[in-house]
Structures are given as structure tokens and as C-alpha cells.
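# A look at the structure
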Amino acid sequence: MLKSDLINVLVNKKQMTQKQAEATVETIFESMKDALCRGENIEIRGLGAFHVKNYQGYQGRNPKTGQIIPVKPKRGLLFRTGKELRDRVNRPPPQTPQSDVSFDPKRGSGGSY
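Our subject in this report is the structure included herewith.

Reading the values: the criteria
- Residues numbered from 1 in each chain as written.
- Predicted model: local features only at pLDDT ≥ 70, side-chain atom pairs only at ≥ 80, totals over all residues.
- Heavy atoms only, no water.
- Core = buried A, V, L, I, M, F, W, Y, C linked by side-chain atoms within 4.5 Å.
- Buried < 20%, exposed > 50% of the residue type's maximum accessible area, 1.4 Å probe, protein only.
- Helix = DSSP H or I, 4+ residues; strand = E, 2+ residues; numbered from the N terminus.
- Domains from an automatic or database assignment.
- Contact = heavy atoms within 4.5 Å.
- Expected span 1.5 Å × (residues − 1).
- Arc of directions from axis to C-beta.

It is worth spelling out the nonpolar core at this point. The biggest cluster of nonpolar side chains holds six residues, and these are Met32, Ala35, Leu36, Ile42, Phe50 and Val52. For this core, the secondary-structure elements that each account for two or more residues are helix H2 (18–37) and strand E2 (48–55). Looking at this core, the element that brings in the most residues is H2, giving three residues. Both domains that furnish three or more residues to this core are identified here as domain 1 (1–38) and domain 2 (40–91). Each residue touching Leu36, except ones within four places of it in the same chain, is listed here: Ile42, Phe50, Val52, Arg75 and Leu77.

Looking now at H2. The end-to-end C-alpha distance of H2, which contains 20 residues, comes to 28 Å, matching closely the 28 Å that a straight helix rising 1.5 Å per residue would cover. Within the span of H2, buried status applies to Ala21, Val25, Met32, Ala35 and Leu36. Projected onto a plane normal to the axis of H2, the buried residues spread over an arc of 110° and lie on a single side. In H2, the exposed positions that point more than 90 degrees away from the buried face belong to Lys19 and Cys37. Residues of H2 that are buried sit in contact with helix H1 (3–13), strand E1 (42–44), E2 and strand E5 (74–81).

Next up, the structure:
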């Protein structure tokens with residue numbers, strides 16, 4: 001799903017105009033980005049949580065030359081799904097009922113007309 005798909009869902013389900021839906025999605029995403037840049041975690045019940053993880057600096061090594069290179073401290077972003085979403089994604093797909101007539105692509109529908 002793309003950001004444009006989210007906008008289309010708002011337009012179709014909530015009877016918003018295209019511009020209102022775009023502004024809504026942009027506002028939500030910008031708020032999330034700002035919070036993460038400040039080092040705050042985001043938790044959305046039923047979906048999951050974004051966590052900012054701080055990594056300490058360390059001494060790395062250039063694999064080509066073997067030269068020791070200092071690696072600066074940095075922050076990374078982790079996403080952990082919520083239990084509800086994880087269970088929903090792992091649920092087996094619904095079974096479609098089998099029809100009495102089998103379909104053979106070489107022979108057609110298998111029924112007579």
C-alpha cells in the first residue's frame with residue numbers, strides 16, 4: 001500500500017476531498033517524523049510501535065585496507081508489530097468452497113453445453 005492508497009481510502013470511506021485527505025495523511029506522517037526525530041517512541045494500539053534506538057560509537061575496520069575507522073554514535077529506528085496485527089497476519093487465509101466441476105485449462109470447464 002502506498003501513501004496515495006491511504007489518501008484514496010480516506011476519500012472513498014470518509015467522503016473527504018482529495019486535498020483534505022492529502023493534508024490529513026501529511027499531518028499524521030509529519031507528526032510521526034517530528035516525534036521520532038526528537039527521540040520519542042510512537043505506539044499505535046492494534047498496529048505496533050516505533051522505537052528509537054541509540055547505538056554507541058565504536059572502532060570499525062575497513063575490510064579492504066584493514067585501517068581502523070572510528071564509527072560515530074547513531075540512532076536507528078525499530079518497528080515492532082502489535083500482537084493483534086501479528087495474529088491477524090499469521091491467521092490462515094479463509095478457504096474457498098470447492099465447486100463440483102473441476103477446471104482443466106487444457107479441456108475447458110469440464111461441463112457440456
